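Commentary on secondary and tertiary structure
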Amino acid sequence: MNRRVLVVDDEKGIRAALTQLLEYEEIEVQAAASGAEALRLYPEFRPQLVFLDVKMQGMDGLETLRQLRTLDPHAQVVMISGHGTIQTAVEATQLGAYDFLEKPLDTDRILLTLRNAMQHVELASENVRLKAEVHAQYEIVGSSRALRQVIERIERVAPTAARVLITGENGTGKELVARALHALSPRATGPFVEVNCAAIPSELIESELFGHLKGSFTGAFADRAGKFELADGGTLFLDEVGDMSLAAQAKVLRALEERVVSRVGAGKPIPVDVRVVAATNKDLTAEIGAGRFREDLLYRLNVVPIEVPPLRARRGDIPQLVAHFTEQLTRHGGLPPKGFTETALEQLSAHAWPGNIRELRNAVERLLILAPGPVVSDADVARLAGFGAGDGGGGSGPAQLAGAPWLRATTFEEFKQVAERSYILAKLNEHDWNVSETARTLEMPRSNLYKKIERYGLTREA
């Protein structure tokens, strides 16, 4: 990181001494003889740290500090003074000063303060970067009317304490909605704790939610806090709440009503301050009719409902989502950057997407990995995504799709191998098994193609 420091002091000797010391530490330095000059230099120079004298003619250091913090709320400022008082130091700290040094300045103290302040700046910058990455990871992408309605509902309910029930098909992004509710709430600095109720065995769900004491059941080797306790002061996201056992539902209802939980094996109640956001892909009214869900719990959870639309109801968002996933996968997934032709995007937008956003993201990842050229075409979409018109222009109905070998794969790694095998075999047949021509088409060395032919056991009769 290019380190920059602004020195502000009306004494020429102090400016010169600090400049020389900092430049020896390989720091880029600019000096200002007044507060007004410092305010003029700051926006252009953008220093990571400012050494600012308290007593200066004209605008003093405290007023300069006040205006610097207005100019940049994150400005890191170390105050220096030959007439320091406790009151001055307290006032400077209240205005946001990082530290306060007294004259005559000690070289070791200056360097220690410099290093600590720079580390603080670097940590703050890293924190901002990580928050930006998290925001990008959980960003709700799209501008369709259906999605705008969801976002408007999120913005209205997030600042309140109201419980929210998010409904929608699998893969529509219910977790993103829950995280957005948390991020826009007064609890944003608190924990966001997620529980997938469908992934936890019914006999363990109570322990997972409410915690347990050592020895309370077989396998309880130590005391353990539950998710309600861990989410204290923040948000608890109960994903797939429709799959929760009736016994756990009764305890959740009590926790919501009384704002206390009891660990398994303990009778002592523990107060918790938790906002509960729940999500389900089930029709809870039908579940109540079937005796699998408590009606009183639904009333507690469903204060504000948010229904997340399926992707087929917001097809206009698909090009934006494709661009978003492409950027994510190329930046963080190490995949090669590729564009998508208009016809490829049209073909992706025309698909019904029964797996919704999750399915689309997987399809984009497959296309970036397996499409041979620098641009993903409609032919690539038809061949590798398993739907739409093929190379010959014919459609692919349900029966044809069911027979596609890559759709029979049980894992993504198996899918990639099956798809690659099919694609290489098709290209070899297309070039009448001319390995040189096929290798040129696939943009790979012949030696690599021979290895893949051997690896997949490809023959003319395959």
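Residues numbered from 1 in each chain as written. Predicted model: local features only at pLDDT ≥ 70, side-chain atom pairs only at ≥ 80, totals over all residues. Heavy atoms only, no water.

With that settled, consider the overall build of the chain. When its secondary structure is counted, the chain shows 20 helices and 16 strands. When contacts within the chain are restricted to residue pairs at least 6 apart in sequence, long-range pairs at least 24 apart make up 67% of them. Only carbon and sulfur atoms are counted for the fraction: they give 51% of the accessible area of the chain, which is about 23700 Å². (Helix = DSSP H or I, 4+ residues; strand = E, 2+ residues; numbered from the N terminus. Contact = heavy atoms within 4.5 Å. Areas by Shrake-Rupley, 256 points an atom, 1.4 Å probe, with all protein chains shown as cover.)

Moving on, we come to the pairing of strand β6 (residues 164-167). In the sheet, β6 pairs with strand β13 (residues 275-280) via 4 bridges, with the strands oriented parallel. In the sheet register, Val164 faces β13, and the bridge partner there is Val277. Where β6 and strand β14 (residues 304-307) come together, 4 bridges link them in parallel fashion. The partner of Val164 across the bridge, within β14, is Val304. (Pairing = 2+ DSSP bridges.)

Bringing the sheet that holds strand β1 (residues 4-8) into the picture now. In space, the 5 strands of this open sheet follow the order β2-β1-β3-β4-β5, with parallel pairing throughout. Among the strands making up the open sheet, the edge pair consists of β2 (28-32) and β5 (99-102). Averaged over all adjacent pairs, the angle separating strand axes in this sheet is 20 degrees, with direction ignored. Two strands pair when backbone bridges link them, and strand β3 (residues 49-53) and strand β4 (residues 77-81) are joined in this way by 4 bridges, in the parallel orientation. Each bridged residue has a counterpart across the sheet, and for Asp53 the counterpart in β4 is Ile80. (Axes fitted to C-alpha atoms, helices over the stretch in contact; angles between N-to-C directions.)

Spatial strand order, β7-β10-β13-β6-β14: 5 strands in an open sheet with parallel pairing. The outermost strands of the open sheet, each flanked by one partner alone, are β7 (192-196) and β14. Recorded for the sheet is a direction-independent mean angle of 20 degrees between the axes of neighbouring strands. Judged from the 4 bridges that link them, strand β10 (residues 235-239) and β13 form a sheet pairing that is parallel. Looking at β13, one finds that Phe237 is bridged to Val277. Across the sheet, helix α7 (residues 174-183) touches β6, β7, β10, β13 and β14, and the angle it forms with β6 is around 155 degrees.

In terms of nonpolar packing, the biggest core is built from 29 residues, with Leu209, Phe228, Leu236, Leu238, Met244 and Val252 touching the most fellow members. When contributions to this core are tallied by element, the ones reaching two or more residues are β7, α8 (205-210), β10, α10 (246-258), β13 and α12 (295-301). With 5 residues, α10 is the single largest residue contributor to this core. In this structure Met244 touches Cys197, Ile205, Leu209, Leu238, Gln249, Val252 and Arg292, once residues within four positions along its chain are discounted. One finds Leu311, Ile318, Leu348 and Ala419 within the second-largest nonpolar core, a separate group that totals 26 residues. (Core = buried A, V, L, I, M, F, W, Y, C linked by side-chain atoms within 4.5 Å. Buried < 20%, exposed > 50% of the residue type's maximum accessible area, 1.4 Å probe, protein only.)

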